[in-house]
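Structural overview for review
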Amino acid sequence: MSEFWNPYAALAGRQRRLLGVAAVAALLLLWSLLAVSGLVSSTKLPAPWDVLAALAYLSWHEGQSMLLTATLWSVGRLLVAGALVIAIGIPVGIAMGAAPRVNAVLSPLVDPFRSAPVVALLPILVMWLGIGETMKIAFLFIGAVVYLIPMVRDAIQAVPQSYWIGARDLGATPWECVQRAVIPMAMPRIADAVIVGFSVMWTYITVAEYVNARQGLGQLIQNARRFSAWDQVFAGIMVIIALALATYQFMVWLKRRLYPWETEQ
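Keep in mind it's a predicted model, so treat the numbers as computed, not measured. (Residues numbered from 1 in each chain as written. Predicted model: local features only at pLDDT ≥ 70, side-chain atom pairs only at ≥ 80, totals over all residues. Heavy atoms only, no water.)

**So, the nonpolar core**
- Formed by 58 residues in total, the largest nonpolar core has its most connected members in Ile 190 and Met 201.
- Tallying contributions element by element places helix H8 (residues 174-209) first for this core, with 15 residues.
- In this view, Ile 190 contacts Ile 90, Ile 94, Val 152, Ala 155 and Ile 156; residues no more than four positions away in its chain are not counted. (Core = buried A, V, L, I, M, F, W, Y, C linked by side-chain atoms within 4.5 Å. Buried < 20%, exposed > 50% of the residue type's maximum accessible area, 1.4 Å probe, protein only. Helix = DSSP H or I, 4+ residues; strand = E, 2+ residues; numbered from the N terminus. Contact = heavy atoms within 4.5 Å.)

See below:
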């Protein structure tokens, strides 16, 4: 117990997994007990087995899978928005981090949105872009890029100046110093920013798909809520959580493969 309050003490992989499984098991047990006790109405908190039955129903019913179709639509929207976030957010963030004048110009336009409720922009996007796919992609893009750009900028600025000076002493131009010395050192933190961006998009996917979405996990949850099928609502939420977790784990694995020298946090 002497290491209990030591933030620098690393847990063994087996111990970390056991503690995580125990926490999930405790939550499921508490959920089951509440469902059995009748303290909470099933219309407000369906039992875990009812949610599993709804998940099975959504996965395959009468020769089709509503869940698979909805998942493919949601993942497709997220991938398109994610590609735009990476293509635009990373260059803008690098420019802000590498050029103080660019940062001074763009910071007042970007930084406030880190704390602003992006959901409030939804009516404006509907007015400007309609209720089709363009609006949904734009909403996901805005929701993630306002986090990605400042994080990329901070990653560039966090690189010790000695790398820039060392490259300059070797005869590199200022831009070559940024391109050859600063950006490579910042890439692991930029990868962390991309991971955060995709995680943010998963939190907004249901909001984006509430507006006139013919298919998608948000639309599936909305339809289930309209018919008071709360077991299906919970099933849809669990699928989104599982997909977000899988996306996070995959991107962390990819980062470790690309930058194996990074110390595991």
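Once the structure has been displayed, the description carries forward.
**A word on the side chain of Ser 74**
- Structurally, Ser 74 can be placed in helix H3 (residues 66-98).
- A polar contact of 2.8 Å, which involves the side chain of Ser 74, links it to the backbone nitrogen of Leu 217.
- Those residues within four positions of Ser 74 in sequence are excluded, and the remaining contacts are Ile 205, Glu 209, Gly 216 and Leu 217. (Polar contact = N/O pair within 3.5 Å; in protein donor to acceptor, adjacent residues only side chain to side chain.)

**As for the pattern of salt bridges**
- Evaluation of the coordinates by the stated rule reveals 5 salt bridges.
- Here Arg 153 ties to Asp 111 by a salt bridge, and the two come within 3.2 Å at their closest N and O atoms. Pair noted here: Arg 153 is in helix H6 (residues 133-157) and Asp 111 is in the loop between helix H4 (100-110) and helix H5 (122-129), with a separation of 42 residues, a long-range link.
- Under the relative-accessibility criterion, Asp 111 is labelled partly exposed at 26%. (Salt bridge = Lys/Arg side-chain N within 4 Å of Asp/Glu carboxyl O.)

**With respect to the packing of aromatic side chains**
- Within the structure shown, the criterion is met by 3 aromatic pairs.
- Relative to Phe 234, the ring of Trp 31 has its centre 6.1 Å away and its plane inclined at 35°; by these criteria the two rings are tilted. Of this pair, Trp 31 sits in helix H1 (residues 13-37) while Phe 234 is found in helix H10 (residues 230-258), placing the two residues 203 residues apart along the sequence.
- Classification of Trp 31 by relative accessible area gives buried; the value is 15%.
- Phe 234 sits in the partly exposed class, given a relative accessible area of 22%. (Phe/Tyr/Trp six-rings, centres within 6.5 Å; stacked < 30°, edge-to-face > 60°.)

**Side note on the packing of H3 against H6**
- Look at H3 against H6: their axes get within 7 Å of each other, and the N-to-C directions meet at 35°. Every pair of crossing elements has a handedness; the one defined by H3 and H6 is right-handed.
- Among the residues forming the contact of H3 with H6, the class breakdown is 22 nonpolar, 4 polar and 4 charged. (Axes fitted to C-alpha atoms, helices over the stretch in contact; angles between N-to-C directions. Left-handed = near helix turned anticlockwise from the far one by under 90°. Nonpolar A, V, L, I, M, F, W, Y, C, P; charged D, E, K, R; others polar.)

**What about the confidence of the model for the protein chain?**
- Per-residue confidence for the protein chain gives a mean pLDDT of 91; residues scoring 70 or more make up 98%.
- Here helix H9 (residues 217-226) stands out as the element of the protein chain with the lowest mean pLDDT, 90, in contrast to H3, whose mean of 96 is the highest. (pLDDT = per-residue confidence, 0-100.)

**Some remarks on the environment of Val 146**
- With respect to the helices and strands, the residue Val 146 is situated in helix H6.
- Classification of Val 146 as buried rests on a relative accessible area of 7%.
- Taking the C-alpha atoms as reference points, Val 146 and Ala 193, separated by 47 residues in sequence, lie 11 Å from one another.
- For Val 146, the residues in contact, after removing those within four places along its chain, are Val 110, Phe 113, Arg 114 and Val 118.

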